[in-house]
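# Overview (structure and organization)
Now for the letters of each chain:
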Amino acid sequence: MFEYIWNGWRSSYVSSQSAPAPKGSGSIFTQILGSGMTDVEANIVHRGELVFAILNAYPYTCGHVLILPYREEAELENLTAAETSGLWATTTKAVRALKAVYPLDGLNVGINLGKPAGGSISDHLHVHVVPRWTGDANFMTTLANTRSLPEPLDVTAAKVRAAWPDA
């Protein structure tokens, strides 16, 4: 049987998180795209016609890639047919690239739609492609409030970019 802990203080946090981002600011992804940074500086590993792939700046593990449309959209069902096709084709290419770069035991592929689902940047949907290894250290976040990464993001980005299908 589950135990419940009353966290009344959380109601103000949950209510405040429902507010949309200020208009005109754009998501962090939109800001990166408009920043003038090069793909190398931004850790963008692939650009397609309607979608792109970028390393997660706060990865769960090495090779954590995000696939997203250029157009800022929160809802999966609001993507055009071409964006949807590009999103999933690019996700598949990311899986292939990561399998070529790392000796993986598995992968997590998923989308968090909306803040309650875990979407920290819920105004610009993105697919997570996360490499996994048997015995990886995901527990470190819980125990030590930290993550352990064996290589810098720029090294990971160069590896993934070089292994990208059709590069």
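Here's what I pulled together on the structure shown here.

Conventions and cut-offs
Residues numbered from 1 in each chain as written. Predicted model: local features only at pLDDT ≥ 70, side-chain atom pairs only at ≥ 80, totals over all residues. Heavy atoms only, no water. 1 Å grid on protein atoms, 1.4 Å probe; cavity = no way out; pocket = protein on both sides within 12 Å on 5 of 7 lines; lining within 4 Å. Points joined across faces, edges and corners; volume = space filled by probe spheres on them. Helix = DSSP H or I, 4+ residues; strand = E, 2+ residues; numbered from the N terminus. Nonpolar A, V, L, I, M, F, W, Y, C, P; charged D, E, K, R; others polar. Buried < 20%, exposed > 50% of the residue type's maximum accessible area, 1.4 Å probe, protein only. Contact = heavy atoms within 4.5 Å. Salt bridge = Lys/Arg side-chain N within 4 Å of Asp/Glu carboxyl O.

### A short note on the layout of surface pockets
- Each pocket or cavity is described by its volume, and for the second largest pocket that value is around 380 Å³.
- Broken down by secondary-structure element, the contributors of at least two residues to the lining of the second largest pocket are helix H2 (28-33), helix H3 (39-42) and strand E2 (51-55).
- Counting residues per element, the lining of the second largest pocket draws most heavily on H2, at 3 residues.
- In the lining of the second largest pocket, the residues fall into 13 nonpolar, 8 polar and 2 charged.

### As for the environment of Ile121
- Within the secondary structure, Ile121 is located in the loop between strand E4 (106-111) and strand E5 (127-132).
- For Ile121, a relative accessible area of 22% puts it in the partly exposed group.
- In this structure the C-alpha to C-alpha distance between Ile121 and Phe29, which are 92 residues apart in sequence, comes to 8.9 Å.
- If we ignore the near neighbours within four places in the chain, the residues touching Ile121 are Ser27, Ile28, Phe29 and His126.

### So, the pattern of salt bridges
- For the coordinates displayed, the defined rule picks out 5 salt bridges.
- Notably, a salt bridge pairs Lys159 with Glu151, separated by 2.7 Å at the nearest N-O pair.
- Since its relative accessible area comes to 35%, Lys159 is described here as partly exposed.
- Sharing partners across several salt bridges, the network here consists of Arg71, Glu73 and Glu83.

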